[in-house]
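Listed below are the residues making up each chain.
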Amino acid sequence: GGDCSEVQNQLADVQQIQATGGAFAAILVDGSVITWGYEPSGGDSSHVQDQLRSVQQIQATGSAFAAILADGSVVTWGNSESGG
């Protein structure tokens, strides 16, 4: 997860960052989320990206992320055996 060059231009107005063992997830001020790193550990959030709006908080396990949205719902991604 250490190479953010593919998303560097999107990493502005970052509010919070969380990490799994191999990926990062950044919440931006507008409530959207940018992820990068090892795809099986949550670095690829493309399949849930349309749901990642108004994100308030992100928590991580070793290889999955859970995002709490403004309406109280939860969106997960990453390794399904770790909660993704």
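Residues numbered from 1 in each chain as written. Predicted model: local features only at pLDDT ≥ 70, side-chain atom pairs only at ≥ 80, totals over all residues. Heavy atoms only, no water.

Topic: the nonpolar core
Side chains of a nonpolar character, in soluble globular proteins, are inclined to be buried together. Membership of the largest hydrophobic core comes to 13 residues, with the highest contact counts inside it found for V33, L52, V55, I58 and W77. Put simply, the parts of the chain that give this core at least two residues each are β2 (23–28), β4 (55–60), β5 (64–69) and β6 (74–78). Those residues in contact with V33 that sit more than four places away from it in its chain are A25, A26, I27, Q49, L52, V55, I58 and W77. Formed by six residues, the second largest nonpolar core is a distinct cluster that contains A26, L28, I34 and W36. (Core = buried A, V, L, I, M, F, W, Y, C linked by side-chain atoms within 4.5 Å. Buried < 20%, exposed > 50% of the residue type's maximum accessible area, 1.4 Å probe, protein only. Helix = DSSP H or I, 4+ residues; strand = E, 2+ residues; numbered from the N terminus. Contact = heavy atoms within 4.5 Å.)

Re the sheet that holds β2
The sheet built from three strands is open, its strands ordered β1-β2-β3 with antiparallel pairing. Since the sheet does not close on itself, it has two edges, and those belong to β1 (14–19) and β3 (33–37), each with one partner. Across this sheet, the average inter-strand angle for adjacent strands is 20°, counted without regard to direction. Summarising the sheet, β1 and β2 pair through five bridges and their orientation is antiparallel. Bridging across to β2, A19 finds its partner in F24. (Pairing = 2+ DSSP bridges. Axes fitted to C-alpha atoms, helices over the stretch in contact; angles between N-to-C directions.)

A closer look at the layout of surface pockets
Estimated volume of the largest pocket: approximately 260 Å³. Grouping the amino acids of the lining of the largest pocket by side-chain chemistry returns four nonpolar, ten polar and four charged. (1 Å grid on protein atoms, 1.4 Å probe; cavity = no way out; pocket = protein on both sides within 12 Å on 5 of 7 lines; lining within 4 Å. Points joined across faces, edges and corners; volume = space filled by probe spheres on them. Nonpolar A, V, L, I, M, F, W, Y, C, P; charged D, E, K, R; others polar.)

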